[in-house]
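Given next are the chains, with one letter for each unit.
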Amino acid sequence: MDFSQTLTNKSDAIVEQWVKAVYQDEEIEATKELTFKAVRNSLPRVLKALATVLSESEKSDLQTVVDASLEHGLLRAEQGFEPAEIAREYRLLRFVIFAFLEEDLLKASPVELLRAVRLIDTVIDEAIARCFNSYTHGRLQELEQLQGQLRLTNQELTRLVRASQDSLSQLAHELKTPLTSIIGYADLFLRQQRQNPQLKDSASNLQSIERVMKSGRLILRLINDTLEISRYDAGRMILQPTATDVRELINSVVEIIEPLALNKELSLIIDCDRAPNQVTTDPLRVQQILTNLLSNAIRYTDSGTVHLQCYQESEQNWAISITDTGLGISSDAQTKIFQPYFRAVNQQPQDSHGTGLGLAIVSRLVQLLHGEIKVVSQLGKGSTFTVILPL
Ligand code: ADP
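- For the protein chain, the name recorded in an unreviewed UniProt entry is Circadian input-output histidine kinase CikA, with Nostoc cycadae WK-1 as its organism.
- Annotation of the protein chain in UniProt includes, under Sequence similarities (unreviewed entry), the sentence "In the N-terminal section; belongs to the phytochrome family."
- Of the comments in the UniProt record for the protein chain, the one headed Catalytic activity (unreviewed entry) reads "ATP + protein L-histidine = ADP + protein N-phospho-L-histidine."

As C-alpha coordinates, this is what we get:
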(Lines give C-alpha, C1' and ligand atoms only; values in the text may rest on other atoms or scores of the structure.)
Protein backbone atom coordinates (compact mmCIF):
# COMPACT_ATOMS: atom_id res chain seq x y z
CA MET A 1 0.00 0.00 0.00
CA ASP A 2 1.50 3.31 -1.08
CA PHE A 3 0.57 5.93 1.53
CA SER A 4 2.87 8.41 -0.05
CA GLN A 5 0.65 8.42 -3.13
CA THR A 6 -2.35 9.34 -0.99
CA LEU A 7 -0.26 11.98 0.81
CA THR A 8 0.88 13.40 -2.50
CA ASN A 9 -2.61 13.35 -4.01
CA LYS A 10 -4.16 15.04 -1.03
CA SER A 11 -1.19 17.22 -0.17
CA ASP A 12 -2.93 20.52 -1.00
CA ALA A 13 -5.87 19.67 1.21
CA ILE A 14 -3.59 18.38 3.98
CA VAL A 15 -1.47 21.54 3.92
CA GLU A 16 -4.54 23.77 4.01
CA GLN A 17 -5.97 21.82 6.89
CA TRP A 18 -2.65 21.82 8.72
CA VAL A 19 -2.05 25.57 8.28
CA LYS A 20 -5.59 26.26 9.44
CA ALA A 21 -5.08 24.10 12.50
CA VAL A 22 -1.75 25.79 13.30
CA TYR A 23 -3.18 29.25 12.68
CA GLN A 24 -6.21 28.68 14.85
CA ASP A 25 -4.50 26.81 17.67
CA GLU A 26 -4.73 28.83 20.90
CA GLU A 27 -1.48 27.38 22.20
CA ILE A 28 0.59 28.66 19.25
CA GLU A 29 0.76 32.35 20.09
CA ALA A 30 3.51 33.25 17.61
CA THR A 31 1.02 33.02 14.72
CA LYS A 32 -1.00 35.93 16.10
CA GLU A 33 1.64 38.31 14.78
CA LEU A 34 1.82 36.56 11.37
CA THR A 35 -0.23 36.43 8.19
CA PHE A 36 -1.78 33.15 6.99
CA LYS A 37 0.73 33.16 4.13
CA ALA A 38 3.68 33.55 6.50
CA VAL A 39 2.51 30.59 8.58
CA ARG A 40 1.98 28.48 5.46
CA ASN A 41 5.38 29.40 3.98
CA SER A 42 7.55 26.27 4.37
CA LEU A 43 4.84 23.78 5.37
CA PRO A 44 4.09 22.48 1.82
CA ARG A 45 7.78 21.66 1.42
CA VAL A 46 7.90 19.76 4.69
CA LEU A 47 4.83 17.76 3.70
CA LYS A 48 6.15 17.01 0.22
CA ALA A 49 9.39 15.77 1.78
CA LEU A 50 7.44 13.54 4.15
CA ALA A 51 5.47 12.08 1.25
CA THR A 52 8.68 11.41 -0.66
CA VAL A 53 10.26 9.57 2.27
CA LEU A 54 7.11 7.60 2.93
CA SER A 55 6.96 6.35 -0.62
CA GLU A 56 8.38 2.85 -0.53
CA SER A 57 10.87 3.37 -3.29
CA GLU A 58 12.61 6.21 -1.44
CA LYS A 59 11.94 5.31 2.16
CA SER A 60 15.58 5.29 3.13
CA ASP A 61 16.24 8.77 1.76
CA LEU A 62 15.70 11.07 4.72
CA GLN A 63 17.72 13.89 3.23
CA THR A 64 14.68 15.69 1.78
CA VAL A 65 12.97 15.70 5.18
CA VAL A 66 16.18 16.88 6.76
CA ASP A 67 16.54 19.80 4.34
CA ALA A 68 12.90 20.81 4.49
CA SER A 69 12.85 20.62 8.29
CA LEU A 70 16.06 22.60 8.62
CA GLU A 71 14.54 25.35 6.50
CA HIS A 72 11.32 25.18 8.50
CA GLY A 73 13.18 25.44 11.82
CA LEU A 74 15.16 28.47 10.70
CA LEU A 75 11.99 30.18 9.50
CA ARG A 76 10.19 29.51 12.78
CA ALA A 77 13.17 30.88 14.73
CA GLU A 78 12.97 34.05 12.63
CA GLN A 79 9.22 34.24 13.19
CA GLY A 80 9.67 34.05 16.97
CA PHE A 81 8.14 30.60 17.61
CA GLU A 82 8.81 29.00 20.96
CA PRO A 83 10.09 25.36 20.86
CA ALA A 84 6.81 24.15 22.43
CA GLU A 85 4.91 25.86 19.63
CA ILE A 86 6.96 24.03 17.00
CA ALA A 87 6.37 20.70 18.75
CA ARG A 88 2.67 21.51 18.79
CA GLU A 89 2.79 22.32 15.08
CA TYR A 90 4.15 18.83 14.31
CA ARG A 91 1.61 17.21 16.62
CA LEU A 92 -1.11 18.89 14.57
CA LEU A 93 0.54 17.63 11.39
CA ARG A 94 0.49 14.07 12.72
CA PHE A 95 -3.17 14.50 13.59
CA VAL A 96 -4.10 15.91 10.15
CA ILE A 97 -2.14 13.23 8.27
CA PHE A 98 -3.81 10.39 10.16
CA ALA A 99 -7.23 12.00 9.65
CA PHE A 100 -6.62 12.08 5.88
CA LEU A 101 -5.17 8.57 5.72
CA GLU A 102 -7.74 7.04 8.03
CA GLU A 103 -9.87 5.63 5.25
CA ASP A 104 -6.87 4.01 3.49
CA LEU A 105 -5.38 2.72 6.72
CA LEU A 106 -8.56 1.02 7.78
CA LYS A 107 -8.55 -0.92 4.49
CA ALA A 108 -4.97 -2.12 5.00
CA SER A 109 -3.85 -5.32 6.73
CA PRO A 110 -2.72 -5.03 10.37
CA VAL A 111 0.92 -5.51 9.29
CA GLU A 112 0.65 -2.81 6.66
CA LEU A 113 -1.14 -0.55 9.13
CA LEU A 114 1.55 -0.96 11.79
CA ARG A 115 4.30 -0.42 9.27
CA ALA A 116 2.63 2.77 8.00
CA VAL A 117 2.03 4.16 11.49
CA ARG A 118 5.64 3.44 12.50
CA LEU A 119 7.02 4.96 9.33
CA ILE A 120 4.94 8.11 9.60
CA ASP A 121 5.92 8.48 13.29
CA THR A 122 9.62 7.94 12.54
CA VAL A 123 9.65 10.45 9.73
CA ILE A 124 7.75 13.07 11.71
CA ASP A 125 10.06 12.54 14.71
CA GLU A 126 13.06 12.98 12.47
CA ALA A 127 11.53 16.13 11.03
CA ILE A 128 10.95 17.52 14.54
CA ALA A 129 14.52 16.71 15.59
CA ARG A 130 15.96 18.45 12.52
CA CYS A 131 13.63 21.37 12.90
CA PHE A 132 14.74 21.90 16.52
CA ASN A 133 18.30 21.64 15.43
CA SER A 134 18.06 24.48 12.94
CA TYR A 135 15.75 26.41 15.27
CA THR A 136 18.47 26.36 17.93
CA HIS A 137 21.02 27.35 15.33
CA GLY A 138 18.83 30.31 14.25
CA ARG A 139 18.35 31.42 17.84
CA LEU A 140 22.08 31.15 18.50
CA GLN A 141 22.79 33.36 15.51
CA GLU A 142 20.28 35.87 16.82
CA LEU A 143 21.99 35.79 20.22
CA GLU A 144 25.37 36.33 18.62
CA GLN A 145 24.02 39.35 16.75
CA LEU A 146 22.52 40.70 19.94
CA GLN A 147 25.78 40.14 21.73
CA GLY A 148 27.59 42.06 18.98
CA GLN A 149 25.17 44.95 19.28
CA LEU A 150 25.55 44.96 23.07
CA ARG A 151 29.30 45.01 22.72
CA LEU A 152 29.07 48.08 20.45
CA THR A 153 26.66 49.83 22.82
CA ASN A 154 28.96 49.07 25.70
CA GLN A 155 31.94 50.49 23.81
CA GLU A 156 29.97 53.65 22.97
CA LEU A 157 28.89 54.08 26.59
CA THR A 158 32.44 53.60 27.83
CA ARG A 159 33.61 56.18 25.30
CA LEU A 160 30.95 58.65 26.46
CA VAL A 161 31.79 58.16 30.11
CA ARG A 162 35.49 58.60 29.34
CA ALA A 163 34.76 61.72 27.25
CA SER A 164 32.77 63.32 30.04
CA GLN A 165 35.50 62.43 32.53
CA ASP A 166 38.03 63.97 30.15
CA SER A 167 36.10 67.20 29.76
CA LEU A 168 35.57 67.42 33.51
CA SER A 169 39.28 67.07 34.16
CA GLN A 170 39.98 69.55 31.39
CA LEU A 171 37.64 72.07 32.99
CA ALA A 172 39.30 71.50 36.35
CA HIS A 173 42.66 72.10 34.69
CA GLU A 174 41.42 75.33 33.07
CA LEU A 175 40.07 76.56 36.39
CA LYS A 176 43.35 75.86 38.15
CA THR A 177 45.34 78.70 36.55
CA PRO A 178 42.96 81.57 37.36
CA LEU A 179 42.30 80.16 40.83
CA THR A 180 46.03 79.91 41.59
CA SER A 181 46.36 83.48 40.41
CA ILE A 182 43.48 84.66 42.64
CA ILE A 183 44.95 82.94 45.67
CA GLY A 184 48.47 84.19 44.91
CA TYR A 185 47.52 87.84 44.40
CA ALA A 186 45.02 87.89 47.25
CA ASP A 187 47.78 86.51 49.50
CA LEU A 188 50.25 89.14 48.28
CA PHE A 189 47.68 91.88 48.81
CA LEU A 190 47.01 90.70 52.38
CA ARG A 191 50.70 90.49 53.26
CA GLN A 192 51.31 94.00 51.95
CA GLN A 193 48.30 95.27 53.88
CA ARG A 194 49.57 93.67 57.09
CA GLN A 195 53.05 95.07 56.67
CA ASN A 196 51.86 98.57 55.91
CA PRO A 197 48.19 99.24 56.64
CA GLN A 198 48.48 102.87 55.46
CA LEU A 199 49.23 101.86 51.89
CA LYS A 200 45.62 101.05 51.09
CA ASP A 201 45.63 102.17 47.47
CA SER A 202 49.23 101.73 46.48
CA ALA A 203 49.78 100.85 42.82
CA SER A 204 50.81 97.27 43.56
CA ASN A 205 47.76 96.69 45.71
CA LEU A 206 45.52 97.98 42.96
CA GLN A 207 47.31 95.74 40.49
CA SER A 208 46.75 92.72 42.72
CA ILE A 209 43.07 93.50 43.04
CA GLU A 210 42.83 93.98 39.30
CA ARG A 211 44.43 90.60 38.65
CA VAL A 212 42.15 88.92 41.15
CA MET A 213 39.19 90.50 39.37
CA LYS A 214 40.48 89.37 35.95
CA SER A 215 40.94 85.80 37.11
CA GLY A 216 37.53 85.87 38.75
CA ARG A 217 35.96 86.99 35.48
CA LEU A 218 37.82 84.28 33.56
CA ILE A 219 36.55 81.59 35.94
CA LEU A 220 33.03 82.89 35.55
CA ARG A 221 33.36 82.81 31.75
CA LEU A 222 34.78 79.29 31.83
CA ILE A 223 31.89 78.09 33.95
CA ASN A 224 29.26 79.87 31.86
CA ASP A 225 30.74 78.60 28.59
CA THR A 226 31.01 75.03 29.91
CA LEU A 227 27.40 75.18 31.04
CA GLU A 228 26.40 76.47 27.60
CA ILE A 229 28.15 73.52 25.92
CA SER A 230 26.65 70.97 28.28
CA ARG A 231 23.20 72.52 27.73
CA TYR A 232 23.67 72.00 24.00
CA ASP A 233 25.08 68.47 24.40
CA ALA A 234 22.11 67.52 26.59
CA GLY A 235 19.75 68.82 23.87
CA ARG A 236 18.43 71.51 26.19
CA MET A 237 19.32 74.50 24.02
CA ILE A 238 16.09 75.63 22.42
CA LEU A 239 15.83 77.84 19.35
CA GLN A 240 13.45 80.77 19.11
CA PRO A 241 13.29 81.59 15.42
CA THR A 242 11.76 84.95 14.42
CA ALA A 243 11.74 87.17 11.36
CA THR A 244 15.01 89.06 11.80
CA ASP A 245 16.36 92.24 10.22
CA VAL A 246 19.90 91.18 9.27
CA ARG A 247 21.48 94.67 9.14
CA GLU A 248 20.01 95.65 12.49
CA LEU A 249 21.31 92.43 14.03
CA ILE A 250 24.83 92.96 12.66
CA ASN A 251 24.86 96.61 13.81
CA SER A 252 23.89 95.63 17.33
CA VAL A 253 26.93 93.32 17.51
CA VAL A 254 29.28 95.81 15.85
CA GLU A 255 28.31 98.48 18.38
CA ILE A 256 29.53 96.29 21.22
CA ILE A 257 32.66 95.04 19.45
CA GLU A 258 33.87 98.30 17.84
CA PRO A 259 35.65 99.64 20.98
CA LEU A 260 37.85 96.49 21.02
CA ALA A 261 38.95 97.17 17.43
CA LEU A 262 39.52 100.88 18.19
CA ASN A 263 41.68 99.94 21.19
CA LYS A 264 44.00 97.98 18.92
CA GLU A 265 43.77 100.55 16.09
CA LEU A 266 42.32 97.97 13.73
CA SER A 267 39.94 99.06 11.01
CA LEU A 268 36.62 97.29 11.20
CA ILE A 269 34.88 97.16 7.81
CA ILE A 270 31.24 96.10 7.60
CA ASP A 271 29.82 95.26 4.18
CA CYS A 272 26.14 94.39 4.08
CA ASP A 273 25.40 95.53 0.51
CA ARG A 274 24.44 92.03 -0.66
CA ALA A 275 22.79 90.97 2.59
CA PRO A 276 19.20 89.69 2.55
CA ASN A 277 16.85 92.14 4.26
CA GLN A 278 15.11 89.64 6.42
CA VAL A 279 15.77 86.05 7.49
CA THR A 280 14.07 83.67 9.85
CA THR A 281 16.49 82.78 12.57
CA ASP A 282 17.17 82.99 16.29
CA PRO A 283 18.71 86.49 16.52
CA LEU A 284 20.23 85.93 19.97
CA ARG A 285 22.11 82.82 18.78
CA VAL A 286 23.37 84.59 15.64
CA GLN A 287 24.50 87.52 17.84
CA GLN A 288 26.40 85.06 20.02
CA ILE A 289 28.09 83.54 16.93
CA LEU A 290 29.07 86.94 15.52
CA THR A 291 30.32 88.27 18.86
CA ASN A 292 32.57 85.24 19.27
CA LEU A 293 33.95 85.34 15.73
CA LEU A 294 34.48 89.12 15.68
CA SER A 295 36.16 89.21 19.10
CA ASN A 296 38.45 86.34 18.05
CA ALA A 297 39.32 88.17 14.81
CA ILE A 298 40.26 91.25 16.85
CA ARG A 299 42.02 89.30 19.62
CA TYR A 300 44.24 87.39 17.18
CA THR A 301 45.05 90.36 14.90
CA ASP A 302 47.79 92.85 15.78
CA SER A 303 47.40 95.21 12.84
CA GLY A 304 45.37 95.64 9.69
CA THR A 305 41.67 95.01 9.20
CA VAL A 306 38.78 92.92 10.31
CA HIS A 307 36.27 92.67 7.49
CA LEU A 308 32.70 91.44 7.92
CA GLN A 309 30.69 90.60 4.82
CA CYS A 310 27.08 89.52 4.77
CA TYR A 311 25.50 88.23 1.59
CA GLN A 312 22.88 85.94 0.14
CA GLU A 313 24.82 82.79 -0.73
CA SER A 314 22.20 80.88 -2.72
CA GLU A 315 18.43 80.60 -3.09
CA GLN A 316 18.23 78.85 0.29
CA ASN A 317 21.13 80.29 2.24
CA TRP A 318 22.73 83.46 3.49
CA ALA A 319 26.25 83.83 4.79
CA ILE A 320 28.43 85.95 7.01
CA SER A 321 32.18 85.88 6.58
CA ILE A 322 34.70 87.50 8.89
CA THR A 323 38.20 87.98 7.54
CA ASP A 324 41.16 89.23 9.55
CA THR A 325 44.77 90.00 8.77
CA GLY A 326 45.95 88.39 11.99
CA LEU A 327 48.09 85.53 13.21
CA GLY A 328 46.36 82.86 11.11
CA ILE A 329 45.87 79.23 12.12
CA SER A 330 48.09 76.31 11.08
CA SER A 331 46.35 73.58 9.12
CA ASP A 332 46.93 71.17 12.02
CA ALA A 333 45.28 73.56 14.48
CA GLN A 334 42.40 74.18 12.04
CA THR A 335 41.24 70.62 12.61
CA LYS A 336 41.10 71.18 16.40
CA ILE A 337 39.88 74.72 16.99
CA PHE A 338 36.24 73.64 17.31
CA GLN A 339 37.07 71.21 20.12
CA PRO A 340 36.41 72.46 23.66
CA TYR A 341 39.42 74.01 25.45
CA PHE A 342 41.68 73.92 22.40
CA ARG A 343 44.00 76.92 22.01
CA ALA A 344 46.89 77.19 19.57
CA VAL A 345 49.58 77.44 22.23
CA ASN A 346 52.23 79.48 20.45
CA GLN A 347 49.82 82.03 19.14
CA GLN A 348 48.23 83.32 22.32
CA PRO A 349 48.61 87.12 22.60
CA GLN A 350 49.96 88.34 25.96
CA ASP A 351 46.66 89.76 27.11
CA SER A 352 44.55 86.87 25.79
CA HIS A 353 42.18 85.49 28.35
CA GLY A 354 40.66 82.92 26.06
CA THR A 355 38.84 79.90 27.37
CA GLY A 356 39.17 77.77 24.26
CA LEU A 357 35.41 77.32 24.38
CA GLY A 358 34.27 80.13 22.06
CA LEU A 359 34.51 78.21 18.78
CA ALA A 360 33.19 75.02 20.39
CA ILE A 361 30.06 76.99 21.29
CA VAL A 362 29.92 78.68 17.87
CA SER A 363 30.05 75.36 16.00
CA ARG A 364 27.28 73.94 18.19
CA LEU A 365 25.11 77.02 17.67
CA VAL A 366 25.65 76.83 13.91
CA GLN A 367 24.58 73.18 13.96
CA LEU A 368 21.52 74.05 15.98
CA LEU A 369 20.60 76.64 13.33
CA HIS A 370 21.04 73.97 10.62
CA GLY A 371 23.99 75.85 9.21
CA GLU A 372 27.62 75.26 8.42
CA ILE A 373 30.89 76.91 9.46
CA LYS A 374 34.09 76.94 7.41
CA VAL A 375 37.54 78.26 8.06
CA VAL A 376 40.24 79.25 5.59
CA SER A 377 43.49 80.42 7.12
CA GLN A 378 47.20 80.81 6.57
CA LEU A 379 49.77 81.30 9.31
CA GLY A 380 51.01 84.89 9.40
CA LYS A 381 48.46 86.06 6.82
CA GLY A 382 45.07 85.85 8.50
CA SER A 383 41.86 83.87 8.66
CA THR A 384 38.36 83.85 7.22
CA PHE A 385 35.51 82.23 9.13
CA THR A 386 32.33 81.78 7.07
CA VAL A 387 28.98 80.87 8.58
CA ILE A 388 26.28 79.72 6.16
CA LEU A 389 22.71 79.69 7.45
CA PRO A 390 19.33 78.87 5.93
CA LEU A 391 17.35 81.93 4.88
P1 ADP B 1 39.68 81.24 22.77
O2 ADP B 1 38.87 81.63 23.93
O3 ADP B 1 41.02 80.66 23.11
O4 ADP B 1 39.75 82.32 21.73
P5 ADP B 1 38.16 79.83 20.78
O6 ADP B 1 37.45 78.54 20.86
O7 ADP B 1 37.39 81.03 20.38
O8 ADP B 1 38.88 80.02 22.17
O9 ADP B 1 39.36 79.65 19.76
C10 ADP B 1 40.18 78.51 19.85
C11 ADP B 1 41.56 78.81 19.29
O12 ADP B 1 41.47 79.03 17.89
C13 ADP B 1 42.16 80.10 19.83
O14 ADP B 1 42.81 79.88 21.04
C15 ADP B 1 43.13 80.47 18.74
O16 ADP B 1 44.33 79.74 18.86
C17 ADP B 1 42.42 79.99 17.47
N18 ADP B 1 41.68 81.09 16.79
C19 ADP B 1 40.38 81.33 16.83
N20 ADP B 1 40.04 82.38 16.05
C21 ADP B 1 41.19 82.80 15.48
C22 ADP B 1 41.53 83.84 14.55
N23 ADP B 1 40.60 84.65 14.04
N24 ADP B 1 42.83 83.97 14.19
C25 ADP B 1 43.77 83.13 14.69
N26 ADP B 1 43.53 82.13 15.57
C27 ADP B 1 42.26 81.96 15.97
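**So, the site of the ligand**
Then, number 1: In the vicinity of the ligand lie 20 residues, with N296, R299, Y300, T355 and L359 positioned nearest.
Then, number 2: Contact distances for the ligand include 2.8 Å between an oxygen atom and a side-chain N or O atom of N296.
Then, number 3: Interatomic distance of 2.8 Å between a side-chain N/O atom of Y300 and an oxygen atom of the ligand.
Then, number 4: Top contributing element to the shell around the ligand by residue count: helix α10 (residues 283-299), with three residues.
Then, number 5: For the shell around the ligand, the class distribution of residues is nine nonpolar, eight polar and three charged.

**Comments concerning helix α4 (residues 43-54)**
Then, number 1: Here α4 is 12 residues long and its end C-alpha atoms lie 17 Å apart, about the 16 Å a rise of 1.5 Å per residue gives.
Then, number 2: Across the 12 residues that make up α4, a large majority, nine, are buried.
Then, number 3: The set of residues buried in α4 consists of L43, V46, L47, A49, L50, A51, T52, V53 and L54.
Then, number 4: Against the buried residues of α4 lie α1 (3-9), α2 (11-24), α3 (36-40), α5 (63-78), α6 (83-107) and α7 (110-195).

**Let's talk about the domain arrangement of the protein chain**
Then, number 1: When its domains are assigned, the protein chain resolves into domain 1 (1-237) and domain 2 (242-390).
Then, number 2: Between the C-alpha centres of domain 1 and domain 2 the distance comes to 47 Å.
Then, number 3: Taken residue by residue, the interface counts 15 residues in domain 1 and 15 residues in domain 2.
Then, number 4: Between domain 1 and domain 2, roughly 1,400 Å² of surface is buried when both sides are summed, and carbon and sulfur atoms account for 61% of that area.
Then, number 5: When the buried area of domain 1 at its contact with domain 2 is split by residue, I229, Y232 and M237 rank highest and sum to 39% of it.
Then, number 6: With its nearest N and O atoms 3.5 Å apart, the salt bridge here joins E228 to R285.
Then, number 7: At the boundary of domain 1 and domain 2, one finds four residue pairs in polar contact (both at pLDDT 80 or more).
Then, number 8: Within the residue set of the side of domain 1 that touches domain 2, elements represented by two or more residues are α7 and α8 (203-233).
Then, number 9: If one sorts the elements of the side of domain 1 that touches domain 2 by residue count, α8 sits on top with 10 residues.
Then, number 10: Classifying every residue of the side of domain 1 that touches domain 2 gives six nonpolar, three polar and six charged.

**Quick notes on the pattern of salt bridges**
Then, number 1: Enumeration according to the criterion identifies 11 salt bridges in this entry.
Then, number 2: Put simply, E89 and R76 hold a salt bridge, and the shortest N to O gap is 2.4 Å. Here E89 is found in helix α6, whereas its partner R76 is found in helix α5, with 13 residues between them in sequence. The residues E89 and R76 share a single accessibility class, namely buried.
Then, number 3: The partner of R94 in a salt bridge is D125, with the nearest N and O atoms 3.2 Å apart. Taken together, the positions of R94 in helix α6 and D125 in helix α7 put the pair 31 residues apart, joining distant regions of the chain.
Then, number 4: A cluster of three or more residues bridged by salt bridges with shared partners is formed by D25, E27 and R88.

**Quick word on the environment of E174**
Then, number 1: Topologically, E174 is positioned in helix α7.
Then, number 2: For E174, the residues in contact, after removing those within four places along its chain, are L222, Y341, R343 and T355.

**Some words on a nonpolar patch on the surface**
Then, number 1: On the surface, L140, L143, L146 and L150 cluster together into a nonpolar patch covering about 400 Å² of accessible area.
Then, number 2: Turning to its location among the elements, L150 is positioned in helix α7.

Cut-off values and rules
By convention here, each chain's residues receive numbers from 1 onward along its written sequence. Reporting of local features is limited, given that this is a predicted model, to residues whose pLDDT is at least 70; pairs of side-chain atoms are given and counted only at 80 or more, and all residues count toward the totals for whole chains, interfaces and linings. The side-chain quantities take in all heavy atoms of the structure and omit both hydrogens and water. UniProt positions are given in the numbering used here, feature names are shortened, and annotations may be inferred rather than shown by experiment. A single heavy atom is enough: if one lies within 4 Å of a molecule or strand, its residue is considered near that molecule or strand. Residues adjacent in sequence count toward polar contacts only when both atoms are side-chain atoms; beyond that, a polar contact is any pair of N or O atoms within 3.5 Å, and within protein one must be able to donate a hydrogen and the other to accept it. Strands are runs of DSSP state E lasting at least 2 residues, helices are runs of H or I lasting at least 4, and numbering of each runs from the N terminus. Just so you know the grouping, Ala, Val, Leu, Ile, Met, Phe, Trp, Tyr, Cys and Pro go in nonpolar, Asp, Glu, Lys and Arg go in charged, and all remaining residues, Gly too, go in polar. A helix is expected to span 1.5 Å for every residue after the first. Exposed residues in this analysis have more than 50% of their type's maximum accessible area, buried residues have under 20%, and partly exposed residues fall in between, with area computed by a 1.4 Å probe over protein chains only. Residue contacts are defined here by distance: any two heavy atoms, one from each residue, within 4.5 Å place the two residues in contact. Segment limits for the domains were obtained from an automatic or database-derived domain assignment. Buried area, as used here, totals the accessible surface that two parts lose on assembly, with accessibility defined by a 1.4 Å probe and the loss added over both. Any Lys or Arg side-chain nitrogen located within 4 Å of an Asp or Glu carboxyl oxygen qualifies as a salt bridge. What makes a patch is a set of residues exposed beyond 30% relative accessible area and free of salt bridges, joined within 9 Å when like-charged and within 5 Å when nonpolar (Val, Leu, Ile, Met, Phe, Trp, Tyr). Each accessible area value is a Shrake-Rupley result obtained with a 1.4 Å probe; residue values ignore everything except the protein chains displayed when judging cover.

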